[in-house]
Amino acid sequence: MERDERIELLMELRREEGLNRKEFAVKYDIPYPTITDWELGHRRIPEYLLRLLAYHSRMEQKISKEKNEEEDDTFLVIKWTRNDIKNLLEENGMNSSENSVQEFLDKLDIRFFEEQCIKDGMERLASKLN
């Protein structure tokens, strides 16, 4: 690999990560003057190290992308839940507009829901004992 090519690859890698020299140095625990010397062409970055840095960066990007896809899946579940609420409102002859669904969610208090479940459970238990 040509010297100028290594410099360009290093700088491209750093830019892809959105880091300045100082941040890049801290992230990879490489002395700042070394990064500067590599980028200015005063010293040569070893090719194996450049490959390792590129591999690490790409793995981080892949993991980040997978994490974002997982978050997107969560959003689909939330969307499905909203759709489920919409269907429930429709089945009960209630307004099922997006505003109504949001109003329903705004009024929903999980503590109330939990208390109601406990109360219903206690009432059922009491009726079985009587």
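If you're wondering where the values come from, they're calculated on a predicted model, not measured in any experiment. (Residues numbered from 1 in each chain as written. Predicted model: local features only at pLDDT ≥ 70, side-chain atom pairs only at ≥ 80, totals over all residues. Heavy atoms only, no water.)

Attention now goes to the environment of Gln 61. Within the secondary structure layout, Gln 61 lies in helix H4 (residues 47-91). Measuring from C-alpha to C-alpha, the distance between Gln 61 and Glu 16 comes to 9.9 Å, with 45 residues separating the pair along the chain. (Helix = DSSP H or I, 4+ residues; strand = E, 2+ residues; numbered from the N terminus.)

Okay, the packing of helix H2 (residues 21-28) against helix H3 (residues 32-40) next. Their axes nearest at 9 Å, the elements H2 and H3 cross at an angle of 120°. In terms of axis orientation, H2 runs oblique to H3. Crossing angle aside, the handedness with which H2 passes H3 is right-handed. Note on element contacts: H3 touches H2 through Tyr 32, Ile 35, Thr 36, Glu 39 and Leu 40, opposite Arg 21, Lys 22, Phe 24 and Ala 25. (Axes fitted to C-alpha atoms, helices over the stretch in contact; angles between N-to-C directions. Parallel < 35°, antiparallel > 145°, perpendicular 65-115°, else oblique. Left-handed = near helix turned anticlockwise from the far one by under 90°. Contact = heavy atoms within 4.5 Å.)

In this description, a pair of aromatic rings is defined by centroid distance and the angle of the planes. One pass over the structure, following the stated rule, counts one aromatic pair. An angle of 55° between the planes, with centres 4.8 Å apart, marks the rings of Phe 24 and Tyr 28 as tilted. With a gap of four residues between them, Phe 24 and Tyr 28 both fall in helix H2, about one helical turn apart. Residue Phe 24 shares its accessibility class with Tyr 28, and that shared class is buried. Between the NZ or CZ atom of Lys 22 and the centre of the ring of Tyr 32, over which it lies, the distance is 5.2 Å. (Phe/Tyr/Trp six-rings, centres within 6.5 Å; stacked < 30°, edge-to-face > 60°. Buried < 20%, exposed > 50% of the residue type's maximum accessible area, 1.4 Å probe, protein only. Lys NZ or Arg CZ within 6 Å of the ring centre and 35° of its normal.)

Let us look at a negative patch on the surface. A cluster of acidic residues, Glu 2, Asp 4, Glu 5, Glu 8, Glu 12 and Glu 16, forms a negative patch on the protein surface. Relative to the helices and strands, Glu 8 resides in helix H1 (residues 3-16). (Patch = residues over 30% accessible without salt bridge, like charges linked within 9 Å, V, L, I, M, F, W, Y side chains within 5 Å. Areas by Shrake-Rupley, 256 points an atom, 1.4 Å probe, with all protein chains shown as cover. Salt bridge = Lys/Arg side-chain N within 4 Å of Asp/Glu carboxyl O. Lys, Arg positive; Asp, Glu negative; His and termini not counted. Charge placed at Lys NZ, Arg CZ, Asp CG, Glu CD.)

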